[in-house]
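In case you want the letters, here they are:
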Amino acid sequence: MAESLSVHLPYVEGRPEVTAQLKSDTGESRFFEFLVDSGADMCTISKSHAAQIGINYEHLDTKEENIEMVNFQSVHGKKSMATLSFRGFEKEIPILICKEAASPLLGRKGSFEMFDILFEERKMQITLKP
């Protein structure tokens with residue numbers, strides 16, 4: 001993608017979502033529909049999503065933490081790293097793997113550093129500028 005080009009992505013069912021690929025250090029990868037969440041510190045996936053890309057939650061050597069999510073809901077999670085690929089951009093980013101069921105979230109750390117992100121509510125789209 002050329003540096004000057006912006007990408008306009010329509011909301012999916014009224015939500016700012018993007019399809020991006022996550023790849024673990026084992027080389028296994030999968031595309032996920034991520035909710036773009038400017039309030040999330042980091043990319044978040046569930047334990048079952050992690051298993052789909054070859055990450056075994058129980059074998060992670062990071063400490064399990066109690067994380068406060070939306071509406072003060074608490075989940076347990078472990079931090080890991082994965083490679084995020086989206087529209088020709090690729091970057092290793094920190095991810096939080098939730099022990100409980102969780103929808104994939106695209107948070108700020110790592111991913112938002114690749115683009116300037118504009119939520120255009122009236123147009124029901126996200127604009128990403130590299």
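In this text, all values refer to a predicted model and were calculated from it rather than measured experimentally. (Residues numbered from 1 in each chain as written. Predicted model: local features only at pLDDT ≥ 70, side-chain atom pairs only at ≥ 80, totals over all residues. Heavy atoms only, no water.)

Engineer: Mind laying out the nonpolar core, listing which residues take part and the relevant values?
Structural biologist: Counting residues in hydrophobic clusters, the biggest one holds 29 residues, and the most contacted among them are Val18, Leu22, Phe34, Leu84, Ile95 and Ile97. Those elements that place two or more of their residues in this core are strand 1 (7–10), strand 2 (17–23), strand 3 (29–36), strand 4 (43–46), strand 6 (74–86), strand 7 (89–98) and strand 10 (125–129). The biggest single contributor to this core is strand 7, with 4 residues. With residues near it in sequence (within four places) discarded, Phe34 still touches Pro16, Glu17, Val18, Ala20, Leu22, Cys43, Ile45, Leu84, Pro104, Leu105 and Leu106. In terms of nonpolar packing, the next biggest core, distinct from the first, is built from 6 residues, Met42, Ile67, Val75 and Ala102 among them. (Core = buried A, V, L, I, M, F, W, Y, C linked by side-chain atoms within 4.5 Å. Buried < 20%, exposed > 50% of the residue type's maximum accessible area, 1.4 Å probe, protein only. Helix = DSSP H or I, 4+ residues; strand = E, 2+ residues; numbered from the N terminus. Contact = heavy atoms within 4.5 Å.)

Engineer: Pulling in residues and values, what's your account of the packing of aromatic side chains?
Structural biologist: Applying the stated rule across the entire model yields 3 aromatic pairs. Note on Phe86 and Phe115: the rings are 5.7 Å apart at their centroids and 85° apart in plane angle, and the pair reads as edge-to-face. Placement of the pair is Phe86 in strand 6 and Phe115 in the loop between strand 8 (105–106) and strand 9 (116–120), with a sequence separation of 29 residues. Given a relative accessible area of 8%, Phe86 falls into the buried group. Between Phe89 and Phe115, the aromatic rings sit 5.0 Å apart at their centres with planes inclined by 70°, giving edge-to-face as the arrangement. Taken together, the residues Phe89 in strand 7 and Phe115 in the loop between strand 8 and strand 9 connect sequence positions 26 residues apart. Each member of the pair Phe89 and Phe115 is classed as buried. Through pairs of rings, three or more aromatic residues link up here, namely Phe86, Phe89 and Phe115. Stacked on the ring of Tyr57, the Lys or Arg Lys78 has its end atom at 4.9 Å from the ring centre. (Phe/Tyr/Trp six-rings, centres within 6.5 Å; stacked < 30°, edge-to-face > 60°. Lys NZ or Arg CZ within 6 Å of the ring centre and 35° of its normal.)

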